[in-house]
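# Summary of structural features
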Amino acid sequence: MAKIIEQKTTFRIGRKISRAKIIEGGDAVNLYYEIIEENPTRQGFQEDFFPIVEASKLSFQDKIFKHKPQTPRQVEFRDRLVAVIESGISDFRVQKRRPAFNYQEQSIYYTTERFWYPDLPNIHWKILAEEFCPSKKSRLGYEKERNAFLGMIIKALVEEQHYSLENAWYAVCDNSEGIARYRCSDNLFDPIGGFKDLGNGYSITLCDKKDGTFIYFGGRPEDKGDYRPLINTLKIEPRNTALTTAFGWVVTEV
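These figures come from a predicted structure and were not determined experimentally. (Residues numbered from 1 in each chain as written. Predicted model: local features only at pLDDT ≥ 70, side-chain atom pairs only at ≥ 80, totals over all residues. Heavy atoms only, no water.)

## Observations concerning the sheet that holds strand β12 (residues 233-236)
Overall, mixed pairing links the four strands, which are arranged β12-β11-β10-β13 in an open sheet. At either end of the open sheet lies a strand with only one pairing partner, and these are β12 and β13 (246-248). Neighbouring strand axes in the sheet, compared pairwise and without regard to direction, differ in orientation by 35 degrees on average. When strand β11 (residues 214-217) meets β12, the two strands line up antiparallel, connected through four bridges. Across the sheet, Phe217 pairs through a bridge with Thr233, a residue of β12. Packing of helix α3 (residues 143-159) onto the sheet brings it into contact with β10 (202-206) and β11, and relative to β11 it is tilted by some 20 degrees. (Pairing = 2+ DSSP bridges. Helix = DSSP H or I, 4+ residues; strand = E, 2+ residues; numbered from the N terminus. Axes fitted to C-alpha atoms, helices over the stretch in contact; angles between N-to-C directions. Contact = heavy atoms within 4.5 Å.)

Spelled out as structure tokens, the structure:
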């Protein structure tokens, strides 16, 4: 059997990026392509950058609920999903990628190009989200919406990427470095459920209690994926300034 060299090569072919694991002897396996958009920067709301999360379709009949939690984190997240379903939730749209900040315009926009993390207070993120697209009632998402979103990611891992139930729950709840950017992660990921930036910094949401506090989900790019996986949460008081590796998780109505 050919030995796989743990080296990943990235190169451009026209308007595409190719990623492959190289095998001794010159053959290549696991080749991936990603279209590079001709217009990588988007100003204002555009539907293709805000896919619909069909949160209302989460059900106890879903295959993901056939999984018996194996760790305390999985037990905790299953309880969160149960609470979401029992309380009811509507469908919503959510950003495909983390937002960038235009310092001159004092507004957010979306781009596939690299940019620096803005160092903005939490309340500033809340205002920016609401000003982004008032006609679509844009805002920061609530923690129950983020939990529903992560439940849909587990479903997508099983249905689209053929993860086992055990591995899908583990990837979202216990160690997310295989599906999101952390210290020990590869920098290139296949979209999951149409979403590209699952990690790459904290996601700022609003507390369900509507008491003015913020809930950070996930972790920093320099964290290990098993230290702050995607379901990890931190409660942040309104007066606290956002970390430089935190960004607003913007949602809109459908």
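## A look at the confidence of the model for the protein chain
Mean pLDDT over the protein chain stands at 82; residues scoring 70 or higher make up 79%. In this model, residues 1-24 is a region of pLDDT below 50 whose contacts with residues beyond four sequence positions or in other chains number 61 contacts. Note that residues 27-39 has pLDDT below 50 and, in this model, 37 contacts with residues that lie over four places away or in other chains. (pLDDT = per-residue confidence, 0-100.)

## Looking at the environment of Phe149
Within the element layout of this structure, Phe149 appears in helix α3. Separated by 68 residues in sequence, Phe149 and Leu81 have C-alpha atoms that sit 9.9 Å apart. In contact with Phe149, other than residues within four places in its own chain, are Val53, Val94, Phe195, Leu198 and Trp249.

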